[in-house]
Amino acid sequence: MYRHIKVPTTGEKVRVVNGKLHVPDQPVIGYVEGDGIGPDITKACLRIWDAAVAKAYGGKRKIHWCETFLGEKAAGLYDGNYCPDETLHALKDLVVSIKGPLTTPVGGGFRSLNVALRQDLDLYACVRPVKHYAGVPSPLKQPGKVDVVIFRENTEDVYAGIEYKAGSPENDKVTKFLREEMKARFFDGSGIGIKPISAFGTKRLVRKAIQYAVDNGRESVTLVHKGNIMKFTEGAFRNWGYEVAREEFGNVTITEEQLYAEYKGKQPEGKIVIKDRIADIMFQMMLLRPDEFDVIATPNLNGDYLSDAIAAEVGGMGIAPGANIADNIAVFEATHGTAPKYANLNKVNPGSLLFSGVMMLEYMGWKEAADLISLAYPDVVSDGIVTYDFARQIDGAREVGTSQFADALIERIQGGIDLEAKRRAQQEQLVKERKQREIRRLLQPMEEMMSTGRRPQTVGDLMTRSLITVTDEETVESAMHVMQDNGVSCVVVEPNKKGEWGIMTRRDIVTKIVHANKNPATQKVKDVASRPLFSVPAETTIREASRILADRNFSRLAIAQGDRIIGIVTETDIFGSVERFGWLE
């Protein structure tokens, strides 16, 4: 029982059955009208969503809307409470909902309502699709190349809110501990913030991003981080992300290194490429080569910057959709502010909330209704029927109000759209673009790696995966022929009865056979090989590998994955990487 929320009796609630979303044909879906321009855009969007559902399913499906309350409207109903428990309970109970923009009241003691929702409902994934719609003004020459879905971790990083004001008693305690116990050095009077990034938080976010890529036929997932500087937080985010891909999606994923080293740039059918990029390089790439990226997974702060910056490339925050999603509970939202000076003027662009609703329909599995809106929208904009923000950028445009834009879009939806023809055209264009990228990788692999921002960071990026192996019982002479035929200076020796891997190098042969005046035709590999083989994980940084090589006076390192040796990296590989790519601090 609710105090102010009235759940429709004519619909059926969305349920989660065995971890899967079950959406009935007559679902009850929650909505929050929002503050400022919220009522204007919400009323317009409700009409558009309903029209698309009615057209797509001929009346067999219908959304039964349930209004819930947050922000200023909630404060008026719940004795000044902007985020009532009743609403939080309803959003959780209804599973799927959508909200307009909200105002956080000015003054101490009030959390951002958006942050409060994310934390209280554990909506750990902020999902932001960013793509260009034909006709929408853009600062890019080729905005159509932008089509990414950003998965931003919502609960950790600096947004966890663990910080201490300069001069406060709490700050003094933390400062004392850091300086005396941890020997940290920083300026007096500093504010202190803690940046937690966990394996748990990272893996569930990356897991959701990869699953999205699998479910939607996407080409790649890119982990965006600043791990070259923050090695144990953002660097760990990168490593944990690769772990998820390898351990949970190994049958459908390959790394970018594998794409080039094993497949020579030709992406295998049914495989998703897992990449990673340093955050500052990623900002450049989304301007210079945006079509190289598909799904992005990133910690909180990077995702905040990146999603807004990319939205600016395709028309701005006015049409940027978003959602905050838990394992199943999802709250879709307009990503812009409340713009109070335009409140109740029937003036603003409803695009952000509109396309958040498209995301919602897709999440519900109602793709036909979602596509009707997505495919009709560019036609309306191309006809020059737009709200004021686009009208001032498009020559000859006819400026209309929020509700009139909704009327035009609904008219186009009801007039009939050849969904199959438009979908087929989109798919053909997608296949063409993917083929063009593949041809570039095949013809100029190193140039493509460099031009798309890929820089080696770990030994896994540099290692040779094509291992040349011999067994203990082979003769040294036979192993020498193998080395000569393959042009290598060492061979890996397969495990002995103890499970120990070994290695035999040219130096071993010179010192243990030639110098000792022994016959390589009668000596066995086991008499010459060095055991146990020293190895490091593929995630070892190039700098750390260099330290190990120097400390141990090695010229190469074996790379291990669990109990298996999967590659070799040499000092020549490291030298070549630094010479070619420069040193990434």
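Please refer to the structure higher up on the page.
In short, a report on the structure.

About the cut-offs
Residues numbered from 1 in each chain as written. Predicted model: local features only at pLDDT ≥ 70, side-chain atom pairs only at ≥ 80, totals over all residues. Heavy atoms only, no water. 1 Å grid on protein atoms, 1.4 Å probe; cavity = no way out; pocket = protein on both sides within 12 Å on 5 of 7 lines; lining within 4 Å. Points joined across faces, edges and corners; volume = space filled by probe spheres on them. Helix = DSSP H or I, 4+ residues; strand = E, 2+ residues; numbered from the N terminus. Nonpolar A, V, L, I, M, F, W, Y, C, P; charged D, E, K, R; others polar. Phe/Tyr/Trp six-rings, centres within 6.5 Å; stacked < 30°, edge-to-face > 60°. Buried < 20%, exposed > 50% of the residue type's maximum accessible area, 1.4 Å probe, protein only. Polar contact = N/O pair within 3.5 Å; in protein donor to acceptor, adjacent residues only side chain to side chain. Contact = heavy atoms within 4.5 Å. Patch = residues over 30% accessible without salt bridge, like charges linked within 9 Å, V, L, I, M, F, W, Y side chains within 5 Å. Areas by Shrake-Rupley, 256 points an atom, 1.4 Å probe, with all protein chains shown as cover. Salt bridge = Lys/Arg side-chain N within 4 Å of Asp/Glu carboxyl O. Pairing = 2+ DSSP bridges. Axes fitted to C-alpha atoms, helices over the stretch in contact; angles between N-to-C directions. Right-handed = clockwise from strand over helix to strand, strands pointing away. Left-handed = near helix turned anticlockwise from the far one by under 90°. Arc of directions from axis to C-beta.

### Quick notes on empty space enclosed by the protein
So, step 1. In total, this model carries 4 cavities of 30 Å³ or more according to the counting rule given.
So, step 2. What the largest cavity holds in volume is close to 120 Å³.
So, step 3. Glu256, Leu259, Lys275, Glu292 and Arg441 are, among the 14 residues lining the largest cavity, the residues nearest its centre.
So, step 4. For the lining of the largest cavity, the secondary structure elements donating two or more residues are α8 (256-261), β13 (272-278) and α15 (419-443).
So, step 5. For the lining of the largest cavity, the class distribution of residues is 3 nonpolar, 3 polar and 8 charged.
So, step 6. Of the voids in this model, the second largest cavity is the one considered here, and its volume is about 40 Å³.
So, step 7. Every residue along the wall of the second largest cavity is listed here: Val115, Arg118, Gln119, Asn154, Tyr159 and Asn300.

### Notes on the packing of aromatic side chains
So, step 1. Within this structure, the stated rule accounts for 11 aromatic pairs.
So, step 2. When the ring of Tyr57 is compared with that of Trp366, the centres are 5.7 Å apart and the planes differ by 65°; the resulting orientation is edge-to-face. A residue pair is termed long-range when its members are at least 10 positions apart, and Tyr57 in helix α1 (residues 38-57) and Trp366 in the loop between α11 (351-363) and α12 (367-382) qualify at 309 residues. Across the pair, exposure class does not vary: Tyr57 and Trp366 are buried alike.
So, step 3. Between Tyr342 and Tyr388, the ring centres sit 5.3 Å apart and the planes meet at 45°, which makes this aromatic pair tilted. Of the two residues, Tyr342 sits in the loop between β16 (330-334) and α11 while Tyr388 sits in helix α13 (residues 388-391), which places them 46 residues apart along the sequence.
So, step 4. Judged by its relative accessible area of 18%, Tyr342 falls in the buried class.

### Structural notes on the side chain of Glu448
So, step 1. Residue placement: Glu448 occurs in helix α16 (residues 445-451).
So, step 2. A polar contact is formed between the side chain of Glu448 and the side chain of Arg289, at a distance of 2.9 Å.
So, step 3. Those residues in contact with Glu448 that sit more than four places away from it in its chain are Tyr260, Arg289, Glu292, Arg440 and Arg441.

### Details of a nonpolar patch on the surface
So, step 1. Together, Ile439, Leu442 and Leu443 line one region of the surface with nonpolar side chains, adding up to about 300 Å² of accessible area.
So, step 2. With respect to the helices, strands and loops of the structure, Ile439 is situated in helix α15.
So, step 3. A relative accessible area of 41% means that Ile439 is categorised as partly exposed.

### As for the sheet that holds strand β22 (residues 535-537)
To summarise the sheet geometry, strands pair through backbone hydrogen bonds and adopt either a parallel or an antiparallel arrangement.
So, step 1. As summarised here, the arrangement of the 3 strands in space is β22-β23-β24, forming an open sheet in which the pairing is mixed. The open sheet has two edge strands with one neighbour each: β22 and β24 (564-570). Pairwise comparison of adjacent strand axes, ignoring direction, gives a mean angle of 40° for this sheet.

### Points about the pairing of strand β23 (residues 556-561)
So, step 1. The buried fraction of β23 amounts to 5 of the 6 residues, a majority that puts the element mostly inside the structure.
So, step 2. Where β22 and β23 come together, 3 bridges link them in parallel fashion. Each residue of the ladder has a partner; that of Val536, found in β23, is Ile559.
So, step 3. Taking the sense of rotation as the criterion, the β-α-β connection linking β22, helix α21 (residues 542-552) and β23 turns out right-handed.
So, step 4. Where β23 and β24 come together, 6 bridges link them in antiparallel fashion. Paired with Ile559 across the strands is Gly567, a residue of β24.
So, step 5. Once β23 ends, the chain turns through 2 residues before running back antiparallel as β24, passing Gly562 with a positive phi of about 65°.

### A closer look at the pattern of salt bridges
If the charged atoms of two oppositely charged side chains come close together, the side chains can form a pair.
So, step 1. Under the counting rule described, the total for this entry stands at 47 salt bridges.
So, step 2. With a shortest N-O distance of 3.9 Å, Lys512 and Asp508 are connected by a salt bridge. Separated by 4 residues within a single helix, Lys512 and Asp508 lie in helix α19 (residues 506-514), roughly one turn from each other.
So, step 3. Judged by its relative accessible area of 32%, Lys512 is partly exposed.
So, step 4. Connected through salt bridges with shared partners, the residues Asp147, Arg218, Glu219, Asp291, Asp294, Arg434 and Arg437 form a single ionic network.

### Section: the packing of α12 against helix α14 (residues 402-415)
So, step 1. Where α12 contacts α14, the two axes come as close as 9 Å, and the packing angle between them is 115°. Viewed along their axes, α12 and α14 form a crossing whose handedness is right-handed. Here Leu372, Ile373, Ala376, Tyr377, Asp379, Val380 and Val381 of α12 come into contact with α14, specifically with Phe405, Ala408, Leu409, Arg412 and Ile413.
So, step 2. Tallied by class, the residues present in the contact of α12 with α14 amount to 10 nonpolar, no polar and 2 charged.

### What to know about the side chain of Glu67
So, step 1. Tracing the backbone shows Glu67 in strand β5 (residues 64-68).
So, step 2. Looking at Glu67, its side chain comes within polar contact range of the side chain of Lys73, at 2.8 Å.
So, step 3. Those residues in contact with Glu67, other than ones at most four positions away along the chain, are Ile5, Tyr31, Glu33 and Lys73.

### Here's the deal with helix α4 (residues 113-120)
So, step 1. Listing the buried residues of α4 in full gives Leu113, Ala116, Leu117 and Arg118.
So, step 2. Elements in contact with the buried residues of α4: α2 (71-77), α3 (85-94), β6 (96-99), β8 (147-153), β15 (321-325) and β16.
So, step 3. Directly after α4, the chain includes Asp122, whose backbone phi takes a positive value near 50°.

### Thoughts on α19
So, step 1. Taken residue by residue, α19 has Asp508, Ile509 and Ile513 as its buried positions. In an axial view of α19, the angular spread of the buried residues amounts to 95°, which keeps them on one side of the axis. Turned more than 90 degrees from where α19 packs its buried face, Arg507 and Val514 sit exposed.
So, step 2. Residues of α19 that are buried sit in contact with α18 (476-486), β21 (502-505) and α20 (525-528).

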